[in-house]
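# Geometric and topological summary
These are the residues of each chain, in order.
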Amino acid sequence: MLPEWMLLGFAAWTLVLLITTVGAYRLSRVLRGRAGMGDFPADRVQGQDWYVRAMRAHANCIENLPVFAVLVYVLRAFGIVSPAVDPLCTVILAARIPQSLVHVCFAQTDRVVSVRFAFYFVQLLSFCALIVLIVWRR
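So, here's what we can say about the structure. Quantities reported herein were computed from a predicted structural model and do not represent experimental measurements.

## Looking at the side chain of N60
Position of N60 among the secondary structure elements: in helix α2 (residues 49-77). Contacts of N60, omitting those with residues within four sequence positions, involve R96, Q99 and Y120.

## A closer look at the packing of aromatic side chains
Taken as a whole and assessed by the stated rule, the structure comprises six aromatic pairs. Taken together, a centroid distance of 5.5 Å and an interplanar angle of 90° make the contact between Y25 and W50 edge-to-face. Remark: W50 occurs in helix α2 and Y25 occurs in helix α1 (residues 2-31); sequence separation between them is 25 residues. Owing to a relative accessible area of 10%, Y25 belongs among the buried residues under this scheme. Both rings, one in F68 and one in F127, keep their centres 6.1 Å apart while their planes meet at 50°; by these two values the pair is tilted. Pair noted here: F68 is in helix α2 and F127 is in helix α4 (residues 110-137), with a separation of 59 residues, a long-range link. Taking the relative accessible area as the measure of exposure, F127 reaches 4% and is therefore buried. Put simply, the rings of F10, F68 and F127 touch in pairs and so form one group of aromatic residues.

Thresholds, definitions, all that
- Residues numbered from 1 in each chain as written.
- Predicted model: local features only at pLDDT ≥ 70, side-chain atom pairs only at ≥ 80, totals over all residues.
- Heavy atoms only, no water.
- Helix = DSSP H or I, 4+ residues; strand = E, 2+ residues; numbered from the N terminus.
- Contact = heavy atoms within 4.5 Å.
- Phe/Tyr/Trp six-rings, centres within 6.5 Å; stacked < 30°, edge-to-face > 60°.
- Buried < 20%, exposed > 50% of the residue type's maximum accessible area, 1.4 Å probe, protein only.

So, in structure tokens, the structure goes:
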């Protein structure tokens, strides 16, 4: 049951990130009369640096959410139970949140990008470990 909760947390984080960054930025600009509703084309991201990073951080969540969802689905569909599953799923969410925060909150120096990548790499390793576990147990 914990993998499903972590997946739900990942989806919730994706929405929280959208609402508190991209959504808040756009809505505030529209309500202040500084932009129209159609002034935010998806193919030309413009705005302050943190906003552009927030757009990318949100897109990165969207890109990884289906991967996590498929892994949780396959774990349940195959009835795979292992003591490693809960910690791996927890690590995925626990690394995703700081990865997004580092992406949005800090100018992307080499050091900051390295920290952000470290959080992503932890998720990537956890995804791979779940795949190995699924293949091994199936």
